[in-house]
Amino acid sequence: MIKEYKYIFGPVNSRRFGVSLGIDLSPFEKSCNFDCVYCELKGAKPVDYIKNPPKVEDIISEVKEALAKFKNINVITITSNGEPTLYKDLDKLVLGLNKIKQNKKLLILSNSSTVCDKKIADVLMDIDIVKLSLDCATQKCFKKIDRPLKGLSIDDIIRGIKTFSKRFKNILVIEILLVKGINDNQEEIKRLNEVLNAIKPSRIDIGTIDRPPAYNVKPVDEKEMIKLSNIFTNLAVSLIHKNPPLTKENFSTKEILVLLKHRPQSQFDINNFFNENSKKKVMKLLDQKLIEQKDIGGTVFYQLLRKR
Ligand code: SF4
């Protein structure tokens, strides 16, 4: 008989982080300090605690069992039906998971709201990959898209991410979710680009709605997403495509170098936007050591060779 776990799920194959074993810190009901318009869970009043939290020892015991059973896991993902950093024993949980994780990476998916709290930022320091969401850089847009608990300010959150990023030595991924008519305009993206160039994350993931949202909002179409993602400079941007474009480009070597100077390109982009001839040129540039390949938190990027 297949054992049913209470607090863990998977393993699931995620394109962004590899094969992931998930931990749900709010398995019984949504507990979040945001009420995002695009949330895959039902809309709910924001709260600043996790309702009916599981015990650390129960989670650790399930993870241990799953690690013995599933051998191909890349990451253990701390997540929740809500915001996992609201879990009051996060410090003890991270300590326990780091002891048993073997060669797996520990990942957390957070909405960023608590990173300005030094105690929580200190706990995040001990996690291999920290994914923080940042959908907007202005309070007006933030309130519209993430519908936060009263008192949460995007300026505080941005300050918190900047301070965290300066201290953090592991992989920091920033996720932006684009919603039609809310944060899909050039001004907001330009502002985000400025902020992110100051934060200097390891990688940025840009996506849009692809599951039924909590409220009546629409995704941004593929062409527009590509256009907006091109506004970002000097950042490793990974676009989460639902329908990769069918036409592939024939780039010259010079064009490839210009493209990589603007920002690194992901393996997914190379596979889906570059024709066979362009891919061969990328391989040649690699052989010539003019560019390099880098795995950032489970996503491979090509970038100009950087002096270490
Ligand atoms: S932060 Fe995540 S869980 Fe919370 S409302 Fe937004 S999408 Fe839903």
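Residues numbered from 1 in each chain as written. Predicted model: local features only at pLDDT ≥ 70, side-chain atom pairs only at ≥ 80, totals over all residues.

## Focus on the sheet that holds strand E11 (residues 299-304)
Okay, step 1: Overall, antiparallel pairing links the three strands, which are arranged E9-E11-E10 in an open sheet. Where the open sheet ends on each side, the last strands, each with one partner, are strand E9 (265-266) and strand E10 (291-296).
Okay, step 2: Across six bridges, E10 lies against E11 in antiparallel orientation. Counted as the bridge partner of Gln293 is Tyr302 from E11. (Pairing = 2+ DSSP bridges. Helix = DSSP H or I, 4+ residues; strand = E, 2+ residues; numbered from the N terminus.)

## Points about the packing of helix H1 (residues 56-69) against helix H2 (residues 90-100)
Okay, step 1: Relative to each other, H1 and H2 sit at 20°, their axes nearing to 10 Å. Considering the angle they form, H1 stands roughly parallel to H2. As H1 packs across H2, the resulting crossing turns out to be right-handed. Counting all contacts with H1, which are made through Val56, Ile59, Ile60, Val63, Lys64 and Leu67, the residues of H2 involved are Lys92, Leu93, Gly96, Leu97 and Ile100.
Okay, step 2: Considering only residue class, the contact of H1 with H2 consists of eight nonpolar, one polar and two charged. (Axes fitted to C-alpha atoms, helices over the stretch in contact; angles between N-to-C directions. Parallel < 35°, antiparallel > 145°, perpendicular 65-115°, else oblique. Left-handed = near helix turned anticlockwise from the far one by under 90°. Contact = placed C-beta atoms within 7 Å. Nonpolar A, V, L, I, M, F, W, Y, C, P; charged D, E, K, R; others polar.)

## A closer look at helix H5 (residues 154-167)
Okay, step 1: Its 14 residues place the ends of H5 20 Å apart at the C-alpha level, agreeing with the 20 Å of an ideal helix rising 1.5 Å per residue.
Okay, step 2: Taken together, the buried residues of H5 touch helix H3 (118-124), strand E5 (129-133), helix H4 (139-146) and helix H6 (186-199). (Expected span 1.5 Å × (residues − 1).)

## A short note on the domain arrangement of the chain
Okay, step 1: By the assigned domains, the chain splits into domain 1 (8-243) and domain 2 (245-308).
Okay, step 2: On a C-alpha basis, the centres of domain 1 and domain 2 stand 27 Å from each other.
Okay, step 3: The set of elements that each furnish at least two residues to the side of domain 1 that touches domain 2 consists of strand E6 (171-178) and strand E8 (237-239).
Okay, step 4: With three residues, E8 is the single largest residue contributor to the side of domain 1 that touches domain 2.
Okay, step 5: For the side of domain 1 that touches domain 2, the class distribution of residues is 10 nonpolar, seven polar and three charged. (Domains from an automatic or database assignment.)

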